[in-house]
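# Remarks on the overall topology
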Amino acid sequence: MNHPVYGTLSLAWQALSTATSVLISAHIDPDGDSIGSSLGLLHFLRSQGIQAHIVQEHPIPKNLQFLPHDSAFIQHDDPDIAHIVTTADAWCILDLNAPQRLGPHILPLFEQYSGEVFLFDHHVNPILKAQYSNVIIESSSTCEIIARMALAAHLEINTQAAECLYTGIMTDTGGFRHSRTNADVMRLAATLIESGADPVKIYDKVMNAQSLASMQLLGLALSHLSISHEGALILMIIRREQLHGYSSEDLEGFVNYTLSIDGAKIGGLITEWEDGTVKMSLRSKPTHEVRSIAEYFGGGGHMQAAGARVRQGNLEEIVGKIQELVKI
Ligand SMILES: [Mn+2]
């Protein structure tokens, strides 16, 4: 891959590898890419004798717990967190473009932080300020960026690191099916497989981990889809009373079913939570885009995969507005 920005990755690593203690944080509601890139980078830093901690708002989701991790993973309520943050001389922010995506407990720590900030991301329009900004929107995933940095810096990619990075590339490309899937991504995936990542095991662990309750909720949601624009817009709407006892982790992957229906161009999962928040996760075929809709509601993301959350949102109004905003 000869994208010009990849050349700067070895410079970023050069600067980062002079640190003695590094923090790594990614976005709330963690996914395969945020967890995979955090753990992959953690590995590379430690392999150079650099102290590293992952500071996260939320725990590792159940289906990603198989990835090698240990006490380096620190949640916001850890009593040592303030000390770890103030003694770190670099903070790597992964897979997010807006500081709010760090979460309500990590954000204030980040705002007070005075050390160097490294950003590694593939979302458009980064508003997070960093001394070292490595935003490559052509990348399939943040895991791809971290893997290419490791290759550019001639770091050894062992089995553990390969597993973590392969996982994020696999999940962010929807299992090598979405628009960022190309020959370069496949070649990188092959390199990671050669380094020890087992594609069959990883797919099974990540994708075949839904609970029975989650599958039953999916069944309910699929039987009440909202279909408009002559079948081109498919919205899966799950109301507060149906979500009782579930968390956002239980809904992982639900939105993808909306686009798997013949004729669907834009799909969305709209959920109404106990605290009054309405969350939306939107997807589109490459001929359409959903980012502008997410941005209207204060969110963001990619052209074909974006999301937003509206505090104290009115579900019916939000659904009506989405139906009005879509350009089909
Ligand atoms: Mn990502």
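Just above, that's the structure.
Reading guide: rules and limits
Residues numbered from 1 in each chain as written. Predicted model: local features only at pLDDT ≥ 70, side-chain atom pairs only at ≥ 80, totals over all residues. Heavy atoms only, no water. Pairing = 2+ DSSP bridges. Helix = DSSP H or I, 4+ residues; strand = E, 2+ residues; numbered from the N terminus. Axes fitted to C-alpha atoms, helices over the stretch in contact; angles between N-to-C directions. Contact = heavy atoms within 4.5 Å. Donors = N, O, S within 2.8 Å, 3.2 Å for Na, K, Ca; no water. Buried < 20%, exposed > 50% of the residue type's maximum accessible area, 1.4 Å probe, protein only.

## Side note on the sheet that holds strand β5 (residues 116–121)
The sheet built from six strands is open, its strands ordered β3-β2-β1-β4-β5-β6 with parallel pairing. Each edge of the sheet is formed by a strand with only one pairing partner; in this case those strands are β3 (73–75) and β6 (132–135). Direction aside, the axes of adjacent strands within the sheet are offset by 20 degrees on average. Pairing of strand β1 (residues 21–25) with strand β2 (residues 51–56) involves four bridges; the strand directions are parallel. For Leu-23, the partnering residue across the bridge sits in β2 and is His-53. Contacting β1, β4 (90–94), β5 and β6, helix α1 (residues 6–16) runs over the sheet at an angle of about 145 degrees to β5. The strands touched by helix α2 (residues 32–47) within the sheet are β1, β2, β3 and β4, with β2 carrying the most contacts at an inclination of about 165 degrees.

## A few points about the coordination of the manganese ion
Every protein donor of the manganese ion is accounted for by Asp-33 (OD), Asp-95 (OD), His-122 (NE2) and Asp-172 (OD), and the metal-donor separations fall at 2.1 to 2.4 Å. Along the chain, the residues that donate to the manganese ion are spaced as D-x61-D-x26-H-x49-D. You can see Asp-33 sitting in helix α2 and its partner Asp-95 sitting in the loop between β4 and α4 (106–112), a full 62 residues away along the chain. For the pair formed by Asp-33 and Asp-95, the shared burial category is buried.

## Concerning the environment of Glu-156
Structurally, the position occupied by Glu-156 is in the loop between α5 (142–152) and α6 (159–172). Judged by relative accessible area, Glu-156 falls into the exposed class, the value being 62%. Sequence spacing of Glu-156 and Ser-195 is 39 residues, and the spatial spacing of their C-alpha atoms is 9.0 Å. When near neighbours in sequence (up to four residues on either side) are disregarded, Glu-156 contacts His-43 and Phe-44.

## Let's talk about the pairing of strand β10 (residues 278–284)
Burial runs high along β10: six of the seven residues are buried. As paired strands, strand β9 (residues 266–272) and β10 are joined by seven bridges and run antiparallel to one another. Considered in β10, the bridge of Gly-267 is made with Arg-283. Pairing analysis gives six bridges linking β10 to strand β12 (residues 305–310), with the strands arranged antiparallel. What sits directly across from Val-278, in β12, is Val-310.

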